[in-house]
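Chains, contacts and geometry: an overview
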2 protein chains.
Amino acid sequence: MINGPFLLYLGHSTDPVGIKTSRGLADFRRQDCIGEFRYDDCPLTLGLPRMTLAEGAAAGARTLVLGIANSGGTMDPALIDDAAEALDNGMHVVSGLHQRLRDVPRLAGLAAAKGLDLIDVRNPPADLKVGTGRPRAGRRVLTVGTDCSVGKMYTTIALAQGLKARGETADFRATGQTGILIAGSGVPLDAVVADFISGAIEQLAPARDDGGWDVIEGQGSLFHPSFAGVSTGLIHGAQAEALVLCHDPARQGMRGLPERTLPSLAECLALNLRMAGLTSPGVRAAGVCLNTSSLAEDAARELCESTGMELGLPCTDPMRFGVDNVIDNLLCPAS
Amino acid sequence: MINGPFLLYLGHSTDPVGIKTSRGLADFRRQDCIGEFRYDDCPLTLGLPRMTLAEGAAAGARTLVLGIANSGGTMDPALIDDAAEALDNGMHVVSGLHQRLRDVPRLAGLAAAKGLDLIDVRNPPADLKVGTGRPRAGRRVLTVGTDCSVGKMYTTIALAQGLKARGETADFRATGQTGILIAGSGVPLDAVVADFISGAIEQLAPARDDGGWDVIEGQGSLFHPSFAGVSTGLIHGAQAEALVLCHDPARQGMRGLPERTLPSLAECLALNLRMAGLTSPGVRAAGVCLNTSSLAEDAARELCESTGMELGLPCTDPMRFGVDNVIDNLLCPAS
């Protein structure tokens, strides 16, 4: 669907969380990434060779990935200039922003003239249906979070990989632009029309009777006033038998709303289970996943242990310690 | 914005709830409604003269209102035929369905050829922003419900009228197609892209310091698995100081999902207050409004009394008994 090799765009980004789409591709499809493009005022790097757009194209990049996210998802004129230069250099352009590349006449004209693709990942299917919440066959697990951008996608991928490592059939079901670029398919849930949120997830993870798992990527947070509607519809559509709670202990305030404090893990888990119970009455918590990248290893291990004790659940950092303990609980619930 | 006189379309509808947009106009803008169009298999009436499309146009109707709602909101070929015939007869056509009139080439062509308007009420503003949940000035009250179509719009209009009758400044803020047609403006919330649900409501009812009220129309229900995401975002965007709970005691199962039971009023109110507290920590319940149209007057009065006692709140049927008791509590909370 989307052809590498990729040149990953960081632009003028200064916020590590804002480049999560570029970072996700660098982490999970690194073999397809040949370089990163960033300006001198961008202090971030993905550890890939730094290239200009012309250098990237010359090195073989077929597609520029505008792998940056901003609240609202609009494109500023400088970003459009860079996308145009990529097209001038013969690269397709992929974007996960709300504002569509194809809706920018200058880019649409250039792409048409050059026979190149403008790919808007945040373009939901046209045939979505309203959700029903009716019981459906299959095993489903959903990640939920105390906030946006706390590691739900990484955790979801790690859980899918962990289940496969145990011999289970498991599919990562992507609901955001980064996940969709990594998986090659999915539903850009935040771009779906409000009436179809839960229905889109029922379609993404339909009834299955092969014994396999749908491992569904969560979005937003029930405690985030910008996006809790998305989280609610996702939870109802997922009809998950188990939730995995994700959290970043270094997060000082809610993403984009620094004045707002995060909920406690216990409060967050309780409300998520409460809401999930509407369509999955037997839903349970399978574990907690922390993003401990801000901590030294000893402190990270201690935090996982104390958090797990406090909540009576397996707790880990998927990137650092793996997800074996959560998978154990998922496959064979502690009584 | 939308010019009467109207011919109201009932078509082949057999479900009283399905014609709620036509009914809303007949109830609240009756002076603008000159007739109703229905087929022989439609057992419903709004009490208006029955007319064919040609007769309606001849009688002076300028606009056909496709005032029917169906889950999913698509137009079937028969409905498109009727819309085309209305255009042939020189009428504008208004629709509140998800599928847009302008996206049907046959209708778009006909309207253009005749110089007539196709008006899709479910067409949200293009400049929506992500919500923030930040505290804003003003007095806001929101209706919430045990289910879809239980009287939230009627209650909202009655509350706005009731506040005005007490000398308050009050604006009805419409969030659904019927309300928008009645009010002449509003936000079709179920058609807004998911990321902007709460932001759309912040824009619909922005900060105000004139001492007046925004009386905001609720949508869906936190307990409806198809639409709870919309309800959640609406609740967070509304940042209401008070909620009014709406319920239809005759409703046997959730709208569109007859196998699913409704929550109890107490459970429903508690979860709505819990969710609303995220952006309005001091939120309270101001009252309960029942649609008692299925009951005799004595039984209706008894039910309002017993429900009010049970919940410790003023309870009424707005259409039958007015909303004075709820307005009393809104303006001067019982301690």
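Residues numbered from 1 in each chain as written. Chains lettered and ligands numbered in written order. Predicted model: local features only at pLDDT ≥ 70, side-chain atom pairs only at ≥ 80, totals over all residues. Heavy atoms only, no water.

**A look at the overall build of chain A**
Along the backbone of chain A there are 12 helices and 11 strands. For 335 residues, the compact-globule formula gives about 20 Å, and the C-alpha radius of gyration of chain A, at 20 Å, lands near that figure. For chain A, the spread of C-alpha atoms along the principal axes amounts to about 60 × 45 × 40 Å. Per-residue burial for chain A yields a buried fraction of 59% across its 335 residues. Put simply, 74% of the contacts in chain A that link residues at least 6 apart link residues at least 24 apart. In the form shown here, chain A has an accessible surface area of approximately 12700 Å², with 51% of it arising from carbon and sulfur atoms. Treating the 29 positive side-chain charges of chain A as one cloud and the 38 negative ones as another, the clouds have centres 4 Å apart. (Helix = DSSP H or I, 4+ residues; strand = E, 2+ residues; numbered from the N terminus. Rg over C-alpha atoms; globule rule 2.2 N^0.38 Å. Buried < 20%, exposed > 50% of the residue type's maximum accessible area, 1.4 Å probe, protein only. Contact = heavy atoms within 4.5 Å. Areas by Shrake-Rupley, 256 points an atom, 1.4 Å probe, with all protein chains shown as cover. Lys, Arg positive; Asp, Glu negative; His and termini not counted. Charge placed at Lys NZ, Arg CZ, Asp CG, Glu CD.)

**Regarding the packing of aromatic side chains**
All names here are of chain A. In the structure shown here, the tally under the stated rule is 6 aromatic pairs over all chains. Taking the centre distance of 4.9 Å and the plane angle of 65° together, the rings of Phe28 and Tyr154 count as edge-to-face. Pair noted here: Phe28 is in helix H1 (residues 20–28) and Tyr154 is in helix H5 (residues 152–165), with a separation of 126 residues, a long-range link. Residue classification places Phe28 among the partly exposed positions, given a relative accessible area of 22%. (Phe/Tyr/Trp six-rings, centres within 6.5 Å; stacked < 30°, edge-to-face > 60°.)

**A look at the UniProt feature "domain: D-glutamate N-acetyltransferase-like C-terminal" (unreviewed entry) in chain A**
Feature annotation in UniProt assigns "domain: D-glutamate N-acetyltransferase-like C-terminal" (unreviewed entry) to the following positions: residues 130–326 of chain A. Segment residues 130–326 of chain A splits into 38% helix and 15% strand. End C-alpha atoms: 32 Å apart. (UniProt positions renumbered as here; feature names shortened; annotations may be inferred.)

**Let's talk about the pairing of strand S8 (residues 213–216) of chain B**
All names here are of chain B. By the alternation rule, side chains of S8 split into Trp213 and Val215 and Asp214 and Ile216, which are all buried. Two elements, strand S6 (residues 139–145) and S8, share 4 bridges in a ladder whose sense is parallel. Within the sheet, the bridge partner assigned to Val141 lies in S8 and is Val215. (Pairing = 2+ DSSP bridges.)

**Re the pattern of salt bridges**
Within this structure, the stated rule accounts for 38 salt bridges over all chains. For Arg38 of chain A, the salt bridge identified is with Glu36 of chain A, shortest N-O distance 2.7 Å. According to the relative accessible area criterion, Glu36 of chain A is buried, its value standing at 0%. Ionic pairing is found between Arg50 of chain B and Asp40 of chain B, a salt bridge with its closest N-O pair at 2.7 Å. Here the residue Arg50 of chain B occupies a position in the loop between strand S2 (33–38) and helix H2 (53–58), and Asp40 of chain B occupies one in the loop between S2 and H2, the gap between them amounting to 10 residues. A single salt-bridge network, built from bridges that share partners, covers Asp171, Arg173, Arg208, Asp210 and Asp214 of chain A. (Salt bridge = Lys/Arg side-chain N within 4 Å of Asp/Glu carboxyl O.)

**Concerning the sheet that holds strand S1 (residues 6–11) of chain A**
Residue and element names in this part refer to chain A. Taken in spatial order, the 5 strands make up an open sheet running S2-S1-S3-S4-S5, and their pairing is parallel. Looking at strand neighbours, the two that pair on one side only are strand S2 (33–38) and strand S5 (118–120), the edges of this open sheet. For this sheet, the mean angle separating the axes of adjacent strands, direction not counted, is 20°. Contacts between helix H3 (residues 77–88) and the sheet are confined to S1, S2, strand S3 (63–66), strand S4 (92–95) and S5, with S3 contributing the most and set at about 165° to the helix. (Axes fitted to C-alpha atoms, helices over the stretch in contact; angles between N-to-C directions.)

**Re helix H12 (residues 324–331) of chain A**
Residue and element names in this part refer to chain A. Of all the residues in H12, the buried ones are Val326, Ile327, Asn329 and Leu330. The buried side chains of H12 occupy one side of the element, clustering within an arc of 160° when seen end-on. Next to the buried residues of H12 lie strand S6 (139–145), H5, strand S8 (213–216), strand S9 (242–247), strand S10 (284–290) and strand S11 (315–316). (Arc of directions from axis to C-beta.)

**Re unusual backbone geometry**
Despite not being glycine, Ser149 of chain A shows a phi value in the positive range, around 55°. With respect to the helices and strands, the residue Ser149 of chain A is situated in the loop between S6 and H5. Unlike most non-glycine residues, Gln239 of chain B shows phi in positive territory, near 45°. Along the chain, the position of Gln239 of chain B falls in the loop between helix H8 (228–238) and strand S9 (242–247).

**Examining the environment of Asp88 of chain B**
Residues and elements named next belong to chain B. Looking at the secondary structure, you find Asp88 in helix H3 (residues 77–88). Considering only alpha carbons, one finds Asp88 and Asp328, 240 residues apart in sequence, at a separation of 51 Å. When neighbours within four sequence positions are excluded, Asp88 is seen to be in contact with Leu110 and Lys114.

**So, empty space enclosed by the protein**
Going through the model one piece at a time under the given rule, you end up with 2 cavities of 30 Å³ or more. One number sums up the size of the largest cavity: a volume of about 60 Å³. In terms of lining, the largest cavity is formed by 14 residues, of which the most central are Thr143, Val144, Gln219, Ser231 and Ile235 of chain B. Listing elements by their share of the lining of the largest cavity, those giving two or more residues are S6 and H8 of chain B. It is S6 of chain B that provides the largest number of residues to the lining of the largest cavity, a total of 4 residues. In terms of residue class, the lining of the largest cavity is built from 5 nonpolar, 8 polar and 1 charged. Around the second largest cavity, the lining residues are Leu142, Thr143, Val144, Gly145, Gly218, Gln219, Gly220, Ser231, Leu234, Ile235 and Asn272 of chain A. Among the secondary structure elements, those contributing two or more residues to the lining of the second largest cavity are S6 and helix H8 (228–238) of chain A. For the lining of the second largest cavity, the element with the highest residue contribution is S6 of chain A, accounting for 4 residues. (1 Å grid on protein atoms, 1.4 Å probe; cavity = no way out; pocket = protein on both sides within 12 Å on 5 of 7 lines; lining within 4 Å. Points joined across faces, edges and corners; volume = space filled by probe spheres on them. Nonpolar A, V, L, I, M, F, W, Y, C, P; charged D, E, K, R; others polar.)

**Here's the deal with the sheet that holds strand S7 (residues 170–173) of chain A**
All names here are of chain A. Pairing is parallel in the open sheet, where 6 strands are placed in the order S7-S8-S6-S9-S10-S11. With one partner strand each, in any of the chains shown, S7 and S11 form the two edges of the open sheet. Sheet topology note: the S6/S9 ladder contains 5 bridges and is parallel. Opposite Val141, over in S9, you have Ala242 as the bridge partner. The strands that H5 touches are S6, S7, S8, S9 and S10; relative to S7, the one it contacts most, it runs at about 170°.

**A look at the relation of the copies chain B and chain A**
Overlay of chain B on chain A (RMSD 0.0 Å): rotation 180°, translation along the axis 0.0 Å. Viewed as a symmetry operation, the transformation between the two copies matches a two-fold axis. Interface overlap between copies: 100% of the residues of chain B at the interface are likewise at the interface in chain A, consistent with a symmetric, same-surface contact. (Least-squares fit on C-alpha atoms with pLDDT ≥ 70 in both.)

**Comments concerning the packing of H3 of chain B against helix H4 (residues 105–114) of chain B**
All names here are of chain B. Where H3 meets H4, the closest approach of the two axes is 10 Å, and the angle between their N-to-C directions is 5°. On the basis of their axis angle, the class for H3 and H4 is roughly parallel. Touching Ile80, Asp81, Ala83, Ala84, Leu87 and Asp88 of H3 are Arg106, Leu107, Leu110, Ala111 and Lys114, all from H4. Looking at the contact of H3 with H4 residue by residue, the class counts come to 7 nonpolar, no polar and 4 charged. (Parallel < 35°, antiparallel > 145°, perpendicular 65-115°, else oblique.)

**Looking at the side chain of Ser149 of chain B**
Within the structure, the side chain of Ser149 of chain B is placed 3.2 Å from the side chain of Lys20 of chain B, a separation counted as a polar contact. Sequence-distant contacts of Ser149 of chain B, that is, excluding residues within four places in its chain, are made with Val17, Lys20, Arg251 and Arg255 of chain B. (Polar contact = N/O pair within 3.5 Å; in protein donor to acceptor, adjacent residues only side chain to side chain.)

**Details of the environment of Pro206 of chain A**
Residue and element names in this part refer to chain A. In this fold, Pro206 is placed in the loop between helix H7 (197–204) and S8. Judged by its relative accessible area of 39%, Pro206 falls in the partly exposed class. For Pro206 and Lys20, which are 186 residues apart along the polypeptide, the C-alpha to C-alpha distance reads 28 Å. Ignoring any residue separated from it by four or fewer positions in sequence, one finds Pro206 in contact with Arg136, Ala137 and Asp214.

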